Amino acid sequence: MLSKQRSLASAVAAALVAAGLAVVTQVLPGTPAAAAGSDPYSFRNAQVVGGGFVPGIIFNQSQANLIYARTDIGGAYRWDQATSKWIPLLDWVGFTNWGYNGVVSLATDAVDPNRVYVAAGMYTNSWDPNNGAILRSSDKGATWSTTALPFKLGGNMPGRGMGERLAIDPNKNSILYLGAPSGNGLWKSTDYGVTWAKVTAFPNPGTYVQSPGDAYLGDNQGIAWVTFDKSTGTAGATTQGIYVGVADKDNTVYRSTDGGVTWSRIAGQPTGYIAHKGVLDPVNHLLYIATSDTGGPYDGAKGDVWKYNITTGAWTQISPVPSSSSDDYFGYSGLTIDRQHPGTIMVASQISWWPDMIMWRSTDSGATWTKIWDWTSYPSRSFRYTQDISAAPWLTFGNSPQLPEVSPKLGWMNESVEIDPFNSNRLMYGTGATIYGTENLTTWDSGGQINIKVMAKGLEETAVLDLISPPSGANLLSGLGDINGFRHTNLDAVPSMMFTSPVFSSTTSLDFAELNPNYVVRVGNVDKTATPNTNRIGISSDNGATWYQGQEPSGVTGGGTVAVAANGNSIVWAPAGAAVSYGGGSSWSSSSGVPSGARVASDRVNSSKFYAFANGTFYVSTNGGQSFTATVTSGLPTVGTVRFKAVAGREGDIWLAGGDTTGAYGLWHSTNSGASFTKLSNVQEANNIGFGKSATANGYPTLFTVAKIDNVRGIFTSYDGGATWLRINDDQHQYGNIGEALTGDPRVFGRVYIGTNGRGIIVADRVSTTSPSVSPTSSASVSTSASASTSPSSSTSPSTSTSPSRSTSASPSSTAAKACSASYAISSQWPGGFGANVTVTNTGTSATTSWTVKWTFANGQTISSLWNGTYTQSGANVTVTSLSYNGALGTGGTASFGFNGAWSGTNAVPTLTCTAT
């Protein structure tokens, strides 16, 4: 029976191609699409723990255990002492302001510890479309306000480990300074970061450019850090002594002695290097700087550590290994002092790849040093530490190096090393992969070993490039930047090891055989200079538990995308730098009829059928990838990123998402193997599509998309094949730049895995335990193509049962000076639950400052959650009032709020009253 279905589907596709190239068709609904409702989901991370660069760890200087961490692409975190876990603070950052997840600096207020500030912005070049911003919080990061800046910031740019660039006056906390990149100089705020002005008296905006003319390396790295000498002020009065580090090898430290009115280069300072860090000891009146010959964080071959005596004006070189020595092959960073014992200082190598990073400790203000490890008889070393990576065992990277190297390493890119100001025994330091720390630091001084362990629980910083969820075996396999990827058999446990054999620098694509899920293929990027014998393809026959290396076609430069036949007997690979090829992993032949760089996917039923897309054209192969034929050549996106997938169990059923605002953008569906596509009119923009378990037995899979629907950006689900959509995230769970990877779980209804760019793998599960009401509908109601395939593998799709007329109820209008009306619409409904939206309109002749909507439920309905308003419910009576940001409405202006509720039996629409002030 299956073979007949496959034969018919292939014949229909071939007939359509023979008749001419099909175009995209669009079926418009007979009535306007109603606003999308919501289906609340819970969110958590699939546990990896760490996985990215942590350039800054910041301890509050007046409140114990108040600690923050900043990341280059994954936002900011606050430490929770009770659970020894980091709490993410910027998950509210959304699709349009995704660059705010690049945190170039963070400042926590010692005068009012509730206040915390973030200097946010991902890139100083065109990659980030927005300018930078100062994010302000008065509740330790629970909520935020934003001040846009007139220039860009570079949380993921070169030099991002220097700092901190953002600093608060420790005596008068309304004053803040920000060191800007790109020649924008020094900026100041006198109103708690609300407004900012350039410090025109500051003389040097920086000069260091790593590689002039390069799109990424060619920016002036600007001003690196700001620090205050608290001893030069009193509570409530402006601190007089302020020190600023500048990315200028000849003029790297400036100061003001009059509260920022005038500035001058400090006389006698060292030259030839950039001061990455400036740490001030106000007790002994010393300024320490750690310098390197580059801005980092990946490089740096020379540097020094210096001490400046503020009282005498004398500079003293205190480098553990001076730059004049041939043993100095690194720059310095990671500078800290023990606030309980200011004569104790520590510094780290900014970058020392071999044999490991180095950390030094001095208890006499830098006169003498001890080292965290020492050479004994080469290649052996002695260690002042033990290391526990049980919280993230993958930190060995699967390596078994030869001495003198060991695995795991202490780290690299060690820009932040911080001693707890309230606990001399606690130290935390950031690396390119995690946060390490110790709680017995002073044991170092008595000749014992400190116990270093992973302190990154809760901090999930991986960039997710692909996700797959097979129907059997592990629930989730991931492709990640930098650390390969993982096989998760338990989402709440960190896997014992990343993918190895081969080890990629990044896994770009994975696929499995739909009819044999044990067969999995992954492809990725490899540094052939460092590992010339590593190929860019790995194959597994045990569901990703173990891997062996495949062969490469000639000319490959990167992983690209890969597709596996439904039965696992063949692979189609579209690598970077080479032609699309087909084969079995050990030998390859070039595919014809499809351009290099195309994205490829397999049919999930017909093992001979593969699909490809490139530059607005869709391609189909019916002979295992040997040759492709173009089917649709117009109507699909020609610009922007496009992703497409085929549905399991339904031959020729394909969904395609992508584009951008300069051209076609949205979600398309084909039921005839790509011979034609239908654009869904109820989806404005879409960036990816995923499939999960159906809401009903043998029904259509649940759809998930990262999209814009009804002018709202979010993550949406459809239980009825795309006829209706429900938003599953809220404004506090947006995760910035998402959509690169997305898949539902075919075994767990309502579960979706969402890939982020820096916040790891998000696992979202449906909150309600009641299944949505889904009933079969004709295929016409699911926006099928006018030229859809007649393949028997097509099937009807379910649709969500909503209130028949999407009933609305409006409050009486008024022409008073301040008046309003409110309309109530049931947006979605399922057994035991429903969603509703209320729109408030200013019907008066004057602007409002606030509004209140009231109603009485007639059938015992109750509200479970409500957004964009504050509500109370007493019995049947409900009162909803506006929030600070949506109460002010001009004449004719509107605001809206929505809610989810419970019902049984009858769900009548109530009558609303609206009052305005």
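For the structure itself, consult the block above.
All figures in this text were calculated on a predicted structure; none of them were measured in a lab.

**Regarding the sheet that holds strand 57 (residues 738-744)**
- In space, the four strands of this open sheet follow the order 2-59-58-57, with antiparallel pairing throughout. If you trace the sheet from one side to the other, it starts and ends with strand 2 (41-45) and strand 57, each paired once. Mean inter-strand twist for the sheet, computed between neighbouring axes without regard to direction, equals 25 degrees.
- Bridge count between strand 57 and strand 58 (residues 752-756): four bridges; the pairing is antiparallel. Among the inter-strand pairings, Gly744 is bridged to a residue of strand 58, identified as Val752.

**What to know about a nonpolar patch on the surface**
- A grouping of Tyr329, Trp353, Trp354, Trp375 and Tyr378 is seen on the molecular surface, where their side chains present a nonpolar patch of about 580 Å² in accessible area.
- Structurally, Tyr378 can be placed in the loop between strand 27 (373-375) and strand 28 (381-383).

**Thoughts on the side chain of Thr291**
- Relative to the helices and strands, Thr291 is located in strand 20 (residues 286-292).
- Here Thr291 falls in the buried class, since its relative accessible area comes to 2%.
- Among residues more than four places away in sequence, those in contact with Thr291 are Tyr273, Ile274, Ala275, His276, Lys302, Gly303, Asp304, Gly331 and Tyr332.

**What about the sheet that holds strand 51 (residues 665-670)?**
- One open sheet accounts for four strands, arranged 49-50-51-52; its pairing is antiparallel. Strands at the two margins of the open sheet, each flanked by one partner only, are strand 49 (642-646) and strand 52 (678-679).
- For strand 49 and strand 50 (residues 654-659), the ladder comprises five bridges, and the chain directions are antiparallel. When the bridges of strand 50 are listed, Ala646 appears paired with Ile654.

**Comments concerning the packing of aromatic side chains**
- Scanning all chains against the criterion turns up 37 aromatic pairs.
- Judged by centre distance (5.8 Å) and plane angle (35 degrees), the rings of Tyr611 and Phe618 are tilted. Summarising the burial analysis for this pair, Tyr611 and Phe618 share the class buried.
- Ring plane angle 15 degrees and centroid distance 5.8 Å describe the contact between Trp851 and Phe897, whose orientation is recorded as stacked. Linking Trp851 in strand 65 (residues 851-856) with Phe897 in strand 69 (residues 894-902), this pair joins segments that are 46 residues apart in sequence. Taken as a pair, Trp851 and Phe897 share a single burial class, namely buried.
- A cation sits over an aromatic face here: Lys371 above Trp373, 4.1 Å from the ring centre.
- Here the guanidinium or amino end of Arg381 rests over the ring plane of Trp373, the centre of that ring lying 4.6 Å away.

**So, the state of the cysteines**
- If you walk through the whole model with that rule in mind, you get one disulfide.
- Sulfur-sulfur distance for the disulfide between Cys820 and Cys914 comes to 2.0 Å. Between Cys820 and Cys914 the sulfur-sulfur dihedral comes to about -105 degrees; the bridge is accordingly left-handed. On the criterion of sequence distance, the pair formed by Cys820 in strand 63 (residues 820-830) and Cys914 in strand 70 (residues 912-916) is long-range, its members being 94 residues apart.
- Residue classification places Cys820 among the buried residues on the basis of a relative accessible area of 3%.
- Judged by its relative accessible area of 13%, Cys914 is buried.

**Thoughts on the nonpolar core**
- Ranked by internal contacts, the top residues of the largest apolar core, which has 72 residues, are Trp394 and Ile435.
- Top contributing element to this core by residue count: strand 24 (residues 341-349), with four residues.
- When sequence neighbours within four positions are dropped, the list of residues in contact with Ile435 reads Val54, Ile57, Ala69, Trp86, Met428, Tyr429, Lys453, Val454, Met455, Ala456 and Leu459.
- Counting residues in each nonpolar core, the second largest holds 24 residues, with Tyr824, Val838, Val853 and Trp855 among its members.

**What about the environment of Asn516?**
- Along the chain, Asn516 falls in strand 38 (residues 516-525).
- For Asn516 and Asn567, which are 51 residues apart along the polypeptide, the C-alpha to C-alpha distance reads 5.9 Å.
- If we skip the residues at most four places from it in the chain, Asn516 touches Ala566 and Asn567.

**Observations concerning unusual backbone geometry**
- Each neighbour pair has its own omega, and for Gly163 with Glu164 the value is 15 degrees, a cis peptide bond.
- Put simply, Tyr378 and Pro379 share a cis peptide bond, and its omega is 10 degrees.
- Positioned with a positive phi, Asp482 is a non-glycine residue whose angle comes to about 75 degrees.
- Residue position: Asp482 is located in the loop between strand 35 (476-480) and strand 36 (487-488).
- Residue Asp482 is classed as exposed on the basis of its relative accessible area, which comes to 57%.
- Of note, Ser501 is a non-glycine position whose phi angle comes to about 55 degrees, a positive value.
- Mapped onto the fold, Ser501 is located in the loop between strand 36 and strand 37 (506-513).

**Focus: the environment of Asn101**
- Here Asn101 lies in the loop between strand 6 (85-88) and strand 7 (103-108).
- The buried category is assigned to Asn101, whose relative accessible area is 4%.
- When the C-alpha atoms of Asn101 and Ala120 are compared, they prove to be 6.7 Å apart, with 19 residues separating the residues in sequence.

**Re the pattern of salt bridges**
- Across all of its chains, the model carries 21 salt bridges by this definition.
- A salt bridge links Asp765 to Arg44, with the nearest nitrogen and oxygen atoms 2.8 Å apart. Placement of the pair is Asp765 in strand 59 (residues 761-766) and Arg44 in strand 2, with a sequence separation of 721 residues.
- Here Asp765 falls in the buried class, since its relative accessible area comes to 12%.
- The class for Arg44 is partly exposed, based on a relative accessible area of 28%.

Criteria and thresholds
- Residues numbered from 1 in each chain as written.
- Predicted model: local features only at pLDDT ≥ 70, side-chain atom pairs only at ≥ 80, totals over all residues.
- Heavy atoms only, no water.
- Pairing = 2+ DSSP bridges.
- Helix = DSSP H or I, 4+ residues; strand = E, 2+ residues; numbered from the N terminus.
- Axes fitted to C-alpha atoms, helices over the stretch in contact; angles between N-to-C directions.
- Patch = residues over 30% accessible without salt bridge, like charges linked within 9 Å, V, L, I, M, F, W, Y side chains within 5 Å.
- Areas by Shrake-Rupley, 256 points an atom, 1.4 Å probe, with all protein chains shown as cover.
- Salt bridge = Lys/Arg side-chain N within 4 Å of Asp/Glu carboxyl O.
- Buried < 20%, exposed > 50% of the residue type's maximum accessible area, 1.4 Å probe, protein only.
- Contact = heavy atoms within 4.5 Å.
- Phe/Tyr/Trp six-rings, centres within 6.5 Å; stacked < 30°, edge-to-face > 60°.
- Lys NZ or Arg CZ within 6 Å of the ring centre and 35° of its normal.
- Disulfide = S-S within 2.5 Å.
- Core = buried A, V, L, I, M, F, W, Y, C linked by side-chain atoms within 4.5 Å.

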